[in-house]
Amino acid sequence: MLDWLSPAEWEAVRLSLRVAFWATLFSLPLGIFVAYALARWRFAGRELLNVTVHLPLIMPPVVTGYLLLVAFGARGPVGGFLESWFGISFAFRWTGAALASGVMAFPFMVRAVRLSLEAVDPRLEQAAATLGASRIWVFLTVTLPLILPGIIAGTVLTFAKGMGEFGATITFVSNIPGQTQTIPLAINLLLETPGGEARAARLAALSIAIAAAALVLSELIARRVAARMGRA
Amino acid sequence: MTLSVRLRHRLGAFALDAEFMAPPGLTVLFGRSGSGKTTIVNAVAGLLMPDEGRIVAGDRTLLDTKRGIRLKSHRRRLGYIFQEGRLFPHLTVRQNLAYGAWFAPRHAPRENRDRVVELLGIGSLLDRRPGALSGGEKQRVAIGRALLSAPRLILADEPLAALDEARKAEILPYFERLRDEVSIPILYVSHSATEVARLATTIVALDAGRVVAQGPAAEMLADPAVLPTGAREAGAVVQARVAHHHADGLTELDAGGTPLFLPRVGAPPGDTLRVRISAHDVILARQRPDGLSALNILPGVVQELRPGAGPGTIVALETPAGRLLARITRRSAEALRLEPGSQVHAIIKTVSVAPLDIGGGGAGVEAAGPNGMSHDGTSVRPR
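Residues numbered from 1 in each chain as written. Chains lettered and ligands numbered in written order. Predicted model: local features only at pLDDT ≥ 70, side-chain atom pairs only at ≥ 80, totals over all residues. Heavy atoms only, no water.

Draft legend 1. Quick peek at the overall build of chain B. Helix and strand content of chain B: 8 helices and 21 strands. Whereas a compact globule of 383 residues would reach a radius of gyration of roughly 21 Å, chain B reaches 22 Å, a difference of no more than 12%. Principal-axis analysis of the C-alpha atoms places the extent of chain B at approximately 65 × 50 × 30 Å. Here chain B holds 383 residues, and 55% of them are scored as buried. Counting only contacts in chain B whose residues sit at least 6 apart along the sequence, the fraction spanning at least 24 positions is 68%. Here chain B has roughly 16100 Å² of accessible surface; of this, 50% comes from carbon and sulfur atoms. Across chain B, 48 positive and 38 negative side-chain charges occur, with their mean positions spaced 7 Å apart. (Helix = DSSP H or I, 4+ residues; strand = E, 2+ residues; numbered from the N terminus. Rg over C-alpha atoms; globule rule 2.2 N^0.38 Å. Buried < 20%, exposed > 50% of the residue type's maximum accessible area, 1.4 Å probe, protein only. Contact = heavy atoms within 4.5 Å. Areas by Shrake-Rupley, 256 points an atom, 1.4 Å probe, with all protein chains shown as cover. Lys, Arg positive; Asp, Glu negative; His and termini not counted. Charge placed at Lys NZ, Arg CZ, Asp CG, Glu CD.)

Draft legend 2. Structural context of a nonpolar patch on the surface. All names here are of chain A. Taken together, the side chains of F21, W22, L25 and F26 make up a nonpolar region of the molecular surface, amounting to roughly 430 Å² of accessible area. Note that L25 resides in helix α1 (residues 7-40). Judged by its relative accessible area of 42%, L25 is partly exposed. (Patch = residues over 30% accessible without salt bridge, like charges linked within 9 Å, V, L, I, M, F, W, Y side chains within 5 Å. Salt bridge = Lys/Arg side-chain N within 4 Å of Asp/Glu carboxyl O.)

Draft legend 3. Expanded view of the UniProt feature "domain: Mop" (unreviewed entry) in chain B. Using the residue numbers shown here, the UniProt feature "domain: Mop" (unreviewed entry) corresponds to residues 291-357 of chain B. With 9% helix and 51% strand, the stretch residues 291-357 of chain B has end C-alpha atoms that lie 28 Å from each other. (UniProt positions renumbered as here; feature names shortened; annotations may be inferred.)

Draft legend 4. Molecular detail of the nonpolar core. Within the largest apolar cluster, 47 residues are counted, with the highest numbers of intra-cluster contacts made by F175(B), L178(B) and Y188(B). By size, the runner-up hydrophobic cluster in this structure holds 30 residues, among which are I55(B), Y80(B), L155(B) and L206(B). (Core = buried A, V, L, I, M, F, W, Y, C linked by side-chain atoms within 4.5 Å.)

Draft legend 5. Examining the sheet that holds strand β17 (residues 296-307) of chain B more closely. Residue and element names in this part refer to chain B. Taken in spatial order, the 5 strands make up an open sheet running β16-β20-β17-β18-β19, and their pairing is antiparallel. Strands with a single pairing partner mark the edges of an open sheet, and in this sheet they are β16 (282-285) and β19 (322-329). Strand-to-strand twist across the sheet, computed as the mean angle between neighbouring axes with direction ignored, equals 45 degrees. Taken together, the 6 bridges between β17 and strand β20 (residues 343-348) define a ladder with antiparallel strand orientation. Bridging across to β20, P299 finds its partner in H345. (Pairing = 2+ DSSP bridges. Axes fitted to C-alpha atoms, helices over the stretch in contact; angles between N-to-C directions.)

Draft legend 6. View of empty space enclosed by the protein. Residues and elements named next belong to chain B. Enumeration over the complete set of coordinates arrives at 1 cavity of 30 Å³ or more. Within this model, the largest cavity holds a volume of roughly 40 Å³. Lining the largest cavity we find R276, I277, S278, D281, I348, S352, V353 and D357. If you tally residues by element for the lining of the largest cavity, the top one is strand β15 (residues 272-278), at 3 residues. (1 Å grid on protein atoms, 1.4 Å probe; cavity = no way out; pocket = protein on both sides within 12 Å on 5 of 7 lines; lining within 4 Å. Points joined across faces, edges and corners; volume = space filled by probe spheres on them.)

Draft legend 7. Highlighting the environment of P61(A). Residue and element names in this part refer to chain A. Assignment of secondary structure puts P61 in helix α3 (residues 61-72). For the pair P61 and R123, spaced 62 residues apart in sequence, the C-alpha separation works out to 41 Å. Setting aside chain neighbours within four positions, we find P61 in contact with M104, E165, G167 and A168.

Draft legend 8. Inspection of the UniProt feature "transmembrane region" (unreviewed entry) in chain A at higher detail. Residue and element names in this part refer to chain A. Under the feature "transmembrane region" (unreviewed entry), the UniProt entry names residues 20-39, 51-74, 94-115, 136-160 and 200-222. Along residues 20-39 the backbone is 100% helical and 0% strand, and the end-to-end C-alpha distance reaches 26 Å. Along residues 51-74 the backbone is 83% helical and 0% strand, and the end-to-end C-alpha distance reaches 27 Å.

Draft legend 9. Summary view of the packing of helix α2 (residues 46-58) of chain A against helix α5 (residues 94-118) of chain A. All names here are of chain A. One can describe the packing of α2 onto α5 by two numbers: an axis separation of 6 Å at closest approach and a directional angle of 125 degrees. On the basis of the axis angle, α2 is oblique to α5. Where α2 crosses over α5, the handedness of that crossing is left-handed. Touching R46, N50, V53, H54, P56 and L57 of α2 are V103, M104, F106, P107, F108, V110, R111 and R114, all from α5. (Parallel < 35°, antiparallel > 145°, perpendicular 65-115°, else oblique. Left-handed = near helix turned anticlockwise from the far one by under 90°.)

Draft legend 10. Representation of the interface of chain B and chain A. Counting residues at the interface gives 21 residues for chain B and 19 residues for chain A. Roughly 2000 Å² of surface becomes buried between chain B and chain A when both sides are summed, with 66% attributable to carbon and sulfur atoms. Remark: the boundary between chain B and chain A carries 6 residue pairs in polar contact (both at pLDDT 80 or more). The set of elements that each furnish at least two residues to the side of chain B that touches chain A consists of β7 (78-81), α2 (93-103) and α4 (135-147) of chain B. Here the side of chain B that touches chain A gets 4 residues from one element, more than from any other, and that element is α2(B). For the side of chain B that touches chain A, the per-class residue count stands at 12 nonpolar, 5 polar and 4 charged. (Buried area = accessible area lost by both parts, 1.4 Å probe. Polar contact = N/O pair within 3.5 Å; in protein donor to acceptor, adjacent residues only side chain to side chain. Nonpolar A, V, L, I, M, F, W, Y, C, P; charged D, E, K, R; others polar.)

Draft legend 11. Representation of the environment of P56(A). Residue and element names in this part refer to chain A. Positionally, P56 belongs in helix α2. Put simply, P56 and A35 are 21 residues apart on the chain and 16 Å apart in space, counted from C-alpha to C-alpha. Apart from residues no more than four positions distant in its own chain, P56 is found in contact with T64, V103, M104 and P107.

Draft legend 12. Region of interest: the packing of aromatic side chains. Scanning the model with the defined rule gives 13 aromatic pairs over all chains in all. Seen from their ring centres, W22(A) and F26(A) are 6.2 Å apart, and the 35 degrees between their planes marks the pair as tilted. Taken as a pair, W22(A) and F26(A) lie in helix α1 at a separation of 4 residues, close to a single helical turn. On the basis of relative accessible area, F26(A) is assigned to the exposed category, the value being 59%. The structure contains a cluster of three or more aromatic residues connected by ring pairs, namely W137(A), F88(B), Y99(B), W102(B) and F103(B). Stacked on the ring of F88(B), the Lys or Arg R145(B) has its end atom at 4.7 Å from the ring centre. (Phe/Tyr/Trp six-rings, centres within 6.5 Å; stacked < 30°, edge-to-face > 60°. Lys NZ or Arg CZ within 6 Å of the ring centre and 35° of its normal.)

Draft legend 13. Region of interest: the sheet that holds strand β13 (residues 250-255) of chain B. All names here are of chain B. An order of β14-β13-β12-β15-β21 is seen for the 5 strands of this open sheet, with the pairing classed as antiparallel. With partners counted over all chains shown, the strands left at the sheet margins are β14 (258-263) and β21 (358-360), one partner each. Averaged over all neighbouring strand pairs, the angle between strand axes comes to 40 degrees, with direction disregarded. The sheet contact formed by β13 and β14 spans 6 bridges and is antiparallel. Paired with T251 across the two strands is L262, which belongs to β14.

Given below as structure tokens:
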């Protein structure tokens, strides 16, 4: 089974899973927070935040990658700061691939969570407050469970995006085997290599299988959540 | 514990300027829609911050804008029963009931959960989710959830308005039991004459954001000068004891020594009931009529006549059963030469008393005293 793919290709699969996992893990709480702020709070700069979050969706991915390179590269303002103060480096490493995937998937996460937040009846949250729940408890015990379907949808989208992001990743962190060469980058390289088509097809099939499995899993969870709330 | 409320709030063209006291028992905030009832309840609950005001529940100040006290909703400990229930759809009935109790302070006096479950008859629903409950069941669970949060005060905002007649009849007795068996004061918003008559121990009548009258329920309902429900829906509440269930489907009540026949009621002999007798169901006669199909003929003395804007007039009379109101035409009043002191007979058709107007419990009615005429100028306070 294991020799179905070459070690280099397995490396790409493992790397893709790792990149998608960390991109999802970090954008989940941040995405919920930003979605909550956009849906519920009125503040100066709200529209600016909204546009910024959605930029990666409408800009060419290469531009997003370029901006990440400028900001988070070793000599970029943010990258340099993180490098010298925390020893965190994004340049030409898998962490950079995760960052690029996370940024590209962020609008999907925020939109999914925000849509379900806007469907939550604020009168239920009021009821919780009259029963003694403070703001944070209202969020944890009422709001969060009610937006679970949106969170699941956002998580799956982010994970799928993490598995498949190409443009921003290759621009930001290049195509380095074992570091930044995720499945799509590996497929791209194989297609440019004479005789690589068969291996490219195998990787493509594998990435379809992973994406489909993630989708099926999320559907199952969403159905269970809906059944629990008596709507199924 | 007494709740005292003083509020000023402006919302567009609507101005609220109200002051009232809710003593222990069930206080009904009564008025048309738009009179400011819900605004007041939301201000008491902390869901709305009024421009100015002071709300004190017992020894706890919930709001005092002058002293800068604005307690957050979750720190007020009030059990709010909403019109639409507002149960948490992701939690079971059991978890909904436990929700408020979980946030209540450890030492707060609490109701026993099993007792509340039994009182509301929701024992068989505990493992269901709100999506699988009927409207009436949801509202019973909502009552239980509020009750179990160890509240200082229970607020209810038209809790029956979203239900059909049958469901209303199902829920009303639970509020009566709440009033009679639980010592927590209740502030209840309603615009239904039936609910006021059955539930209120105190009435605060609102109109256009102002308190137009407040006082003990029996006095307020029988006073033609107040008529919180309006002339059309006027009706007095009499207290009567179940004497006997007859085989022909009638129940005989003992109302101050006079028999009062009603369609069969469920209460066993010996129980005390509150019966609302609608003013337009009472006919007056100068002589005791003979050969009449109506079973209930009560002798009485006219106390007061209050002509209305239309052709009608409201007559208040004192009978052995208590104070009654009759709505007759001015023409009839003149033909019968009615004036305070006139001897009359009040005729009430047995079947005209609606089942919804017969309620359990006697709380509040006795507050008016045997003649229901304890006016001392403070109970009714027009502003």
